[in-house]
Amino acid sequence: MSVIGARVPKLDAPERAGGRIRYVHDIVVPGMLHGAIRRSDRVHARILSIDVSAARALPGVRAVITANDIENRPFGHGRDNTPLKGDRVLCSRDEIAAVAADTEAIAREACRLIRVEYEDLAAVFSPEEALAPGAPVLYSHVPDNQPFHYDYAHGDLEAAVAESDEIVSDTYRLHYVTHCCMGTSGIVADFSAAGALTVHSSTQVPHMYRRDLAAIVGLPPEKVRVVQATIGGGFGSKLDIYPFEPICVWLARRSGRPVRLLFDREEEFVGSPTRQPAIFHMRSGARRDGTFTFRDVRIVLDNGGHTSWGATTPFVMMQTFSSLYRCKAVKVRADVVYTNNPYAGSFRGYGNPQATFALEAQVDALAARLGIDPIDLRLRNVQEPGEVTGQGMRFHSIAHKECLETVRERSSWTMKRGRPGEAHLRRGVGVASLLHVGGGAKMYRTDGCGTTLKLDDFGIVHVTSGSSEIGQGSDTVLAQCAAEAMGVRLEHVRVHRVDTDLGPWDVGVHASRTTFIAGNSVLMAAREAKKKLLGAASAQVRRPVERLDVTDSEIVDLETGQAVSTVGKVVRALHFRERGDVIMTSAYYEPPSQAQDEGYKGDVSATYAFGAQVAEVEVDVETGVVRLVRLTAAHDVGRAINRLGIEGQIEGGIAMGAGYALTEELKVSRGVVENPRFRDYHLVTAPEIPEIDVTFVEQGDREGPFGAKGVGEAPLIPVAAAIAAAVEDATGVRFTSLPLTPERVLAGLRERS
Amino acid sequence: MDRGGDVRSPPFVYARPESSDEAATAARAGALALAGGTDALVLLRLGLARAQGVLDLKPLGWREIEVKSGGVLELGALATMAEIASSALVREGVQTLALVCGRVATPQIRNVATLGGNLLQAPRCPYYRGGFACMRTPGGAGCPPQDQGGDARHLGIFPGACVAAHPSDVAVVLVALGAGVVTTRRTIAVEELHRAPDGPADTILEPGELVTKVLVPMSAGTSAYARVADRASFAFALAAAAVRLKTRQGRIADVRIALGGLAPRPIRARAAEDALTGADPADRAALDRAADAALDGARPLPGAEYKLQLARVLVVRAIEDAARSEAG
Ligand SMILES: Cc1cc2nc3c(=O)[nH]c(=O)nc-3n(C[C@H](O)[C@H](O)[C@H](O)COP(=O)(O)OP(=O)(O)OC[C@H]3O[C@@H](n4cnc5c(N)ncnc54)[C@H](O)[C@@H]3O)c2cc1C
């Protein structure tokens with residue numbers, strides 16, 4: 001029986017639910033010290049002096065470091081961050097000193113005892129302020145405060161504007177939210193007597209991390225081993241290296257002891273990345289028949305005081321603007337602007353939820369002007385299979401149309417749209433679509449993933465993939481792929497965690513790539529192993545290899561249908577003989593995608609995921625309270641490998657999107673996070689989760705493992721846009737900012753009346 | 001997981017009194033009363049309560065729920081939110097009280113949080129809890145959002161030295177119900193229990209005075225409670241209104257209205273009550289006038305203006321709900 005498409009509980013679910021999983025917080029190394037970081041009290045200031053004498057004198061303190069005590073090498077996407085800040089702080093999360101001590105409490109107390117003298121510098125708290133003439137300059141080598149620009153264009157914009165019958169224009173402003181991983185950031189750094197470093201880390205990109213961490217702390221990469229701890233949630237927050245990681249390594253070096261450094265919850269809110277706050281100034285046009293003509297977008301991103309991978313989110317934003325729908329001419333300009341705010345990193349969707357929010361608002365505005373139903377208008381502009389978009393993406397498989405039709409049907413759209421009612425509780429439905437990479441993203445020279453596979457002498461298949469489980473359930477999917485390809489029982493497959501000394505290379509978890517890329521890599525290794533296994537079995541049972549297959553972990557004679565051996569037996573017989581052998585295979589899968597050219601054009605992913613969602617809301621127009629009643633989703637997943645897993649992924653994405661739209665906001669005031677705790681940062685809770693109706697559109701992708709596409713990020717992307725559209729249907733007001741709190745909704749309603 | 005104890009912490013006494021006299025003595029000596037502990041322990045950790053020790057009230061019992069002669073429902077101060085919500089006596093006697101106790105906080109918290117602790121919980125002002133010194137914090141002075149400006153979304157809207165919003169939903173309902181509290185010294189109306197703070201305290205309790213029970217009249221009439229919060233669970237009310245009323249021949253004969261989330265204590269809206277007496281509960285204009293009267297004098301800081309609208313709507317809805325249940 002095939003395990004592909006089955007409902008398989010996550011393989012590690014009993015361990016997680018039983019409290020037996022060991023997160024980085026549970027790792028204890030003999031002799032280990034505890035680290036803590038002293039962060040800035042200011043948002044932009046020169047550091048005049050740092051006095052660590054009281055901290056050093058505290059009993060139990062084993063090491064105190066400042067920028068003067070370490071080789072403080074610049075790092076990060078903009079090379080504008082350092083582990084410790086010696087002369088200047090640029091945002092409230094900046095690290096000034098660190099302590100290793102016998103207990104975490106002593107380390108934190110010692111941090112409090114460090115005295116820092118500052119001289120405040122003029123600060124900027126929004127991109128507008130930073131771009132104003134005469135604004136304070138954050139980095140002298142970037143006098144305009146704009147470290148990065150992106151310019152994308154296809155088509156003749158002027159001509160497309162001229163042929164438009166309707167043009168809409170607006171500005172959208174998106175706010176700060178953060179990942180809220182249940183597992184806070186942490187690391188354990190441990191040097192051997194010979195000076196080799198082992199880190200237990202929750203990074204999402206262990207292999208690249210090894211090289212980068214080595215460079216930051218000045219070790220040759222061959223002396224660094226990265227062992228991935230079980231990750232308590234990633235969502236992109238563990239894509240970058242952050243200062244706490246090299247800091248912990250330096251503490252271990254200085255103290256000569258292993259050091260564990262963990263964030264507490266407040267520190268996680270203050271010192272881990274956020275989603276990009278983004279401003280979109282946008283115009284779009286259409287012809288009377290609904291054909292989209294052009295889109296002209298200027299994006300302004302608040303980069304914060306240092307640059308992380310978050311600065312590269314325009315890569316993804318522009319894909320949605322250029323290619324979610326057919327559109328003749330598209331121009332996207334993105335300016336990344338330094339401010340003294342916290343810096344944003346990568347976060348599920350990588351800029352796409354923001355871009356989709358803006359784009360789908362304009363599509364709805366055009367629909368209203370043209371008098372065309374929003375779903376009809378979208379259907380008029382979706383691409384066909386085989387089409388190549390203006391940005392050079394080739395849609396071998398695309399079920400966008402089917403997704404829109406499915407949600408129209410299953411949400412009772414036609415019956416519900418445009419009927420808000422008269423009572424104080426108004427109802428509305430709204431739609432939004434999504435496009436996201438579904439077959440990796442070739443951001444580096446390779447987008448590949450390696451796998452090694454070993455068959456042990458009891459028939460257990462050990463898969464060591466370079467890819468990482470961050471809670472998304474990929475280990476279970478990879479086990480299913482191996483089981484299916486080899487014909488062994490699912491419970492006979494074990495997927496091992498990343499250890500850079502043991503496992504093969506991989507780019508890392510991002511871009512919804514693991515099922516697709518690692519899945520294909522596992523399939524290659526598993527097919528090879530099966531071939532070797534059957535070869536060995538054929539010699540042992542003296543039957544031609546063509547007559548044999550593996551079913552349910554047994555070697556079966558295809559002519560008689562009889563089991564003639566078992567996987568374990570074949571392997572044992574291979575060991576216990578002269579000139580024995582092992583069954584171990586390896587594979588490296590490189591997707592057939594291209595890196596983009598200088599103009600950001602190219603078929604950057606091996607396939608693309610689509611979806612459509614309809615939100616149904618109830619708005620109390622007297623109190624401004626918005627309730628998400630129902631969310632109908634249809635996703636082009638290629639093929640569902642683990643139905644239960646993908647449902648969880650979609651439901652989780654919807655909950656996360658509902659929080660983004662309705663309740664979550666990291667309040668940053670004059671550079672300082674005002675609500676660094678779950679009491680004041682409002683995630684949605686069980687009562688806010690709507691009725692969810694999910695349909696998988698499974699047309700199979702020609703390149704995906706068993707036809708699957710990557711959909712890890714996808715379900716989150718359109719949620720906020722669909723909710724805003726539904727609120728508009730209920731109230732007549734299109735909100736251009738989030739979250740839709742009572743006061744924002746009341747103010748919007750008042751403005752209109 | 002051992003993360004090491006607090007550095008240099010002074011000896012800390014945990015006391016379990018055997019009698020209320022013993023408890024009162026210990027409380028007078030400066031021990032912090034501990035009921036469910038859901039707020040007390042947090043206050044200690046944040047340094048907002050300073051005490052040499054805690055006094056665990058649980059050995060004292062104080063959790064009976066009984067109907068006394070004269071139609072009075074008597075609830076022990078240590079009865080939990082969950083117990084009150086599920087008590088048949090409360091559900092039949094004063095349904096609104098059962099409903100509100102079943103809605104505060106989260107299911108886990110309701111299992112331990114007590115009635116007395118709920119009435120006496122400390123403000124949820126983000127400045128007070130967020131590490132700012134203010135008139136409510138030990139040794140502090142002033143009111144940061146009023147002195148320096150800042151986000152006022154969660155604050156009250158009536159002027160005063162402190163503009164925190166009192167967090168208790170239950171207190172608001174009890175004020176509307178005309179309930180009383182019995183302490184180790186006296187019996188007072190819940191309405192009198194809280195006061196406009198001029199320092200850390202927002203109640204009239206004296207040092208060492210403990211609340212032992214709450215008395216709720218089950219007199220004729222109906223009641224209702226309406227609140228708005230950021231989420232249905234695990235969120236304090238942004239604004240709330242409780243109403244108890246009696247009608248005679250289609251007219252409001254007797255009404256009590258209390259507001260929550262708008263001031264550092266639950267407020268009794270007497271002007272609104274006066275405006276409503278004699279009115280037809282179906283007369284929307286009269287209800288609107290009453291709501292306006294309830295909010296007379298409100299002066300929200302920038303960012304809290306929306307609470308005016310919320311409170312107006314909630315007052316009207318609570319009156320309508322109470323009148324509807326009387327009709328039905
Ligand atoms: C996340 C969260 C959400 C919440 N949401 C709400 C909400 O929406 N609505 C709401 O009304 N409440 C809410 N609460 C408050 C909660 O309902 C508890 O009632 C409250 O935290 C205190 O109850 P407790 O029994 O744990 O009191 P404790 O924490 O034990 O005590 C609180 C205070 O009262 C004093 N005290 C307690 N009992 C007595 C007594 N008998 N005599 C004298 N002094 C006493 C203590 O010394 C302490 O100062 C919330 C609490 C939390 C943590």
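No experiment lies behind these values; they were computed from the predicted model shown. (Residues numbered from 1 in each chain as written. Chains lettered and ligands numbered in written order. Predicted model: local features only at pLDDT ≥ 70, side-chain atom pairs only at ≥ 80, totals over all residues. Heavy atoms only, no water.)

Quick look at the overall build of chain B
Here is the rule we go by: Working definition: helices are DSSP H or I runs of at least four residues, strands are E runs of at least two. Numbering for both runs from the N terminus. The reference for a compact globule is 2.2 Å times residues^0.38; the radius of gyration itself is calculated from the C-alpha atoms. The buried label applies to any residue whose accessible area, calculated with a 1.4 Å probe on protein chains only, is under 20% of its type's maximum; exposed applies above 50%, and partly exposed to all values in between. The contact criterion used is simple: two residues touch if any of their non-hydrogen atoms lie within 4.5 Å. The method behind every accessible area is Shrake-Rupley, applied with a 1.4 Å probe, and residues are considered shielded solely by the protein chains displayed. Here Asp and Glu are counted as negative and Lys and Arg as positive; His is not counted, and neither are the chain ends. The atom standing in for a charge is NZ when the residue is Lys, CZ when it is Arg, CG when it is Asp and CD when it is Glu.
The secondary structure content of chain B amounts to 14 helices and 12 strands. Its C-alpha atoms give chain B a radius of gyration of 20 Å, near enough to 20 Å, the size a compact globule of 328 residues would have. Taken along its principal axes, the extent of the C-alpha atoms in chain B is 65 × 50 × 35 Å. Every one of the 328 residues in chain B was classed for burial, and the buried ones make up 52%. Counting contacts in chain B only where the partners sit at least 6 residues apart, residues at least 24 apart contribute 63% of the total. Summed over all atoms, the accessible surface of chain B reaches about 14,000 Å², with 50% contributed by carbon and sulfur. Positive and negative side-chain charges in chain B, numbering 37 and 34 respectively, have mean positions lying 2 Å apart.

Some points on the packing of helix H10 (residues 352–370) of chain A against helix H18 (residues 719–731) of chain A
The relative placement of two packed helices is expressed as an angle between their axes plus a distance between the axes. Residues and elements named next belong to chain A. This is how the line gets drawn: Only the stretch in contact is used when a helix axis is fitted, and all axes are lines through C-alpha atoms; the angle between N-to-C directions ranges over 0 to 180 degrees. Definitions for this section: a left-handed crossing has its near helix turned counterclockwise from the far helix by less than a right angle. A right-handed crossing has that turn clockwise. Put simply, Ala, Val, Leu, Ile, Met, Phe, Trp, Tyr, Cys and Pro go in the nonpolar bin, Asp, Glu, Lys and Arg in the charged bin, and everything else, Gly too, in the polar bin.
It is at 8 Å that the axes of H10 and H18 come closest, and there the two elements cross at 35°. Note on packing geometry: the crossing formed by H10 with H18 is right-handed. Residues Thr356, Phe357, Glu360 and Asp364 of H10 form the contact with H18, whose own contacting residues are Ala720, Ala721, Ala724, Ala725 and Glu728. A class-by-class count of the residues in the contact of H10 with H18 yields five nonpolar, one polar and three charged.

Let's talk about the sheet that holds strand E20 (residues 548–551) of chain A
Residues and elements named next belong to chain A. Just so we agree on the cut-off: Strand pairing is defined by DSSP finding a minimum of two bridges between the two strands.
Here three strands make up an open sheet; going across it, the order is E20-E21-E22 and the pairing antiparallel. Single-partner strands in this sheet number two, and they are E20 and strand E22 (563–566). When the angles between neighbouring strand axes are averaged without regard to direction, this sheet yields 30°. Sheet analysis places strand E21 (residues 554–557) next to E22, joined by three bridges and oriented antiparallel. Within the sheet, the bridge partner assigned to Glu554 lies in E22 and is Thr566. Its contacts with the sheet put helix H16 (residues 567–575) on E20, E21 and E22, and the angle it makes with E22 is roughly 60°.

Here's the deal with the pattern of salt bridges
Short version of the rule: Take a side-chain nitrogen of Lys or Arg and a carboxyl oxygen of Asp or Glu: if they are within 4 Å of each other, that pair is a salt bridge.
Taken as a whole, this structure holds 82 salt bridges over all chains when the rule is applied. Between Asp120(A) and Arg42(A) there is a salt bridge, with its nearest N and O atoms 3.0 Å apart. Taken together, the residues span a long stretch of sequence, with Asp120(A) in strand E6 (residues 115–120) and Arg42(A) in the loop between strand E1 (33–39) and strand E2 (45–51) at a distance of 78 residues. The partner of Asp288(B) in a salt bridge is Arg284(B), with the nearest N and O atoms 3.2 Å apart.

What about the site of the ligand?
Residue and element names in this part refer to chain B. So the rule is basically this: Near is defined per residue: the residue qualifies when any heavy atom it owns lies within 4 Å of the molecule or strand. Under the rule applied, a polar contact is a pair of N or O atoms within 3.5 Å (in protein, one hydrogen donor and one hydrogen acceptor; residues adjacent in sequence only if both atoms are side-chain atoms).
Around the ligand lies a shell of 30 residues, among which Ala33, Gly37, Thr38, Ala40 and Asp169 are the nearest. Ala40 has a polar backbone atom sitting 2.6 Å from an oxygen atom of the ligand. For the ligand, whose free accessible area comes to 970 Å², the fraction covered by protein is 94%. Considering every element that reaches the shell around the ligand, the biggest residue donor is strand E2 (residues 32–34), with three residues. Within the shell around the ligand, the residues separate by chemical class into 18 nonpolar, eight polar and four charged.

What about the side chain of Ser323(A)?
Residues and elements named next belong to chain A. Assignment of secondary structure puts Ser323 in helix H9 (residues 314–323). Overall, the relative accessible area of 0% leaves Ser323 in the buried class. In this view, Ser323 contacts Gln383, Thr389, Gln391, Met393, Phe395 and Leu435; residues no more than four positions away in its chain are not counted.

What to know about helix H12 (residues 400–410) of chain A
Residue and element names in this part refer to chain A. For the record, the criterion: Think of the arc as the fan of directions from the helix axis to the C-beta atoms.
Residues of H12 that are buried include every one of His400, Cys403, Leu404, Thr406 and Val407, and no others. One face of H12 carries all of its buried residues, which in axial projection span an arc of 165°. The inward-facing, buried residues of H12 contact helix H11 (374–381), strand E16 (425–437), strand E24 (608–620), strand E25 (625–636) and strand E28 (691–697). Following H12 by one or two positions, Ser412 has its phi on the positive side, about 55°.

Remarks on the packing of H9(A) against H10(A)
All names here are of chain A. As a reminder, the rule being used: When describing relative orientation, an angle under 35 degrees is termed roughly parallel and one over 145 degrees roughly antiparallel, while 65 to 115 degrees is termed roughly perpendicular and anything else oblique.
Packing of H9 against H10 leaves a shortest axis separation of 8 Å and a crossing angle of 30°. Our classification of the angle between H9 and H10 gives roughly parallel. The crossing of H9 and H10 is right-handed. For the pair H9 and H10, the contacting residues are Val316, Met317, Thr320 and Phe321 in the first and Asn352, Gln354, Ala355, Thr356 and Leu359 in the second. Partitioning the contact of H9 with H10 into residue classes produces five nonpolar, four polar and no charged.

Let's talk about the nonpolar core
In plain terms, the rule: Only buried residues count toward a nonpolar core. Its members are Ala, Val, Leu, Ile, Met, Phe, Trp, Tyr and Cys residues joined through side-chain atoms within 4.5 Å.
Ranked by size, the top nonpolar core spans 113 residues in total, and within it Phe280(A), Ile299(A), Phe321(A), Val617(A), Ile723(A) and Leu740(A) carry the most contacts. Those residues within four positions of Phe280(A) in sequence are excluded, and the remaining contacts are Asp170(A), Thr171(A), Tyr172(A), Leu174(A), Val297(A), Arg298(A), Ile299(A), Met317(A), Phe321(A), Gln354(A), Ala355(A) and Ala358(A). Core analysis: the next-biggest nonpolar cluster, separate from the first, contains 53 residues, Leu746(A), Cys125(B), Cys162(B) and Ile257(B) among them.

Observations concerning the sheet that holds strand E19 (residues 493–496) of chain A
Residue and element names in this part refer to chain A. With mixed pairing, the four strands of this open sheet are ordered in space as E19-E18-E17-E23. With partners counted over all chains shown, the strands left at the sheet margins are E19 and strand E23 (584–589), one partner each. Adjacent strand axes in the sheet meet at a mean angle of 20°, parallel and antiparallel pairs treated alike. Seen against the sheet, helix H14 (residues 474–486) touches strand E17 (449–455), strand E18 (461–465) and E19 and runs at an angle of roughly 140° to E19.

Thoughts on the domain arrangement of chain A
All names here are of chain A. Put simply, the test is: Domain limits in this description derive from either an automatic procedure or a database domain assignment. Buried area, as used here, totals the accessible surface that two parts lose on assembly, with accessibility defined by a 1.4 Å probe and the loss added over both.
Domain parsing of chain A yields domain 1 (24–121 + 184–230 + 238–271), domain 2 (278–441 + 596–752) and domain 3 (448–589). In this complex, domain 2 contributes 22 residues to the contact, which on the side of domain 3 involves 16 residues. Both sides together, the interface formed by domain 2 and domain 3 hides about 1,300 Å², and carbon and sulfur atoms give 65% of it. On the domain 2 side of the interface with domain 3, the three residues burying the most area are Ile641, Pro705 and Phe706, jointly 37% of the side's total. Linking domain 2 with domain 3 are zero salt bridges, by the criterion used here.

Digging into the environment of Arg378(A)
All names here are of chain A. Within the fold, Arg378 resides in helix H11. The class of Arg378 is buried, set by a relative accessible area of 0%. Apart from residues lying up to four places away in sequence, Arg378 is in contact with Tyr325, Glu360, Val363, Asp364, Leu404, Val431, Ala432 and Ser433. Engagement of the side chain of Arg378 in a polar contact is seen with the side chain of Asp364, the distance being 2.9 Å.

Quick word on the interface of chain B and chain A
In this complex, chain B contributes 25 residues to the contact, which on the side of chain A involves 30 residues. In this assembly, chain B packs against chain A so that about 2,500 Å² is buried in total across both faces, 55% of it on carbon and sulfur atoms. Summed over the shared surface of chain B and chain A, the result is four salt bridges. Here Glu622(A) and Arg317(B) are joined by a salt bridge, their closest N and O atoms 2.8 Å apart. Run the count over chain B and chain A and you get nine residue pairs in polar contact (both at pLDDT 80 or more). Considering every element that reaches the side of chain B that touches chain A, the biggest residue donor is helix H14 (residues 306–327) of chain B, with five residues. By residue class, the composition of the side of chain B that touches chain A is nine nonpolar, six polar and 10 charged.

Let's talk about unusual backbone geometry
Residue Pro739(A) is reached from Leu738(A) by a cis peptide bond, and omega for that bond is -5°. The residue Ser512(A) is not glycine, and still its phi comes out positive at about 50°. By the secondary structure assignment, Ser512(A) is in the loop between E19 and helix H15 (514–541). Residue classification places Ser512(A) among the buried residues on the basis of a relative accessible area of 12%. Phi is positive for Gln249(B), close to 50°, though the residue is something other than glycine. By the secondary structure assignment, Gln249(B) is in the loop between strand E10 (237–248) and strand E11 (251–260).

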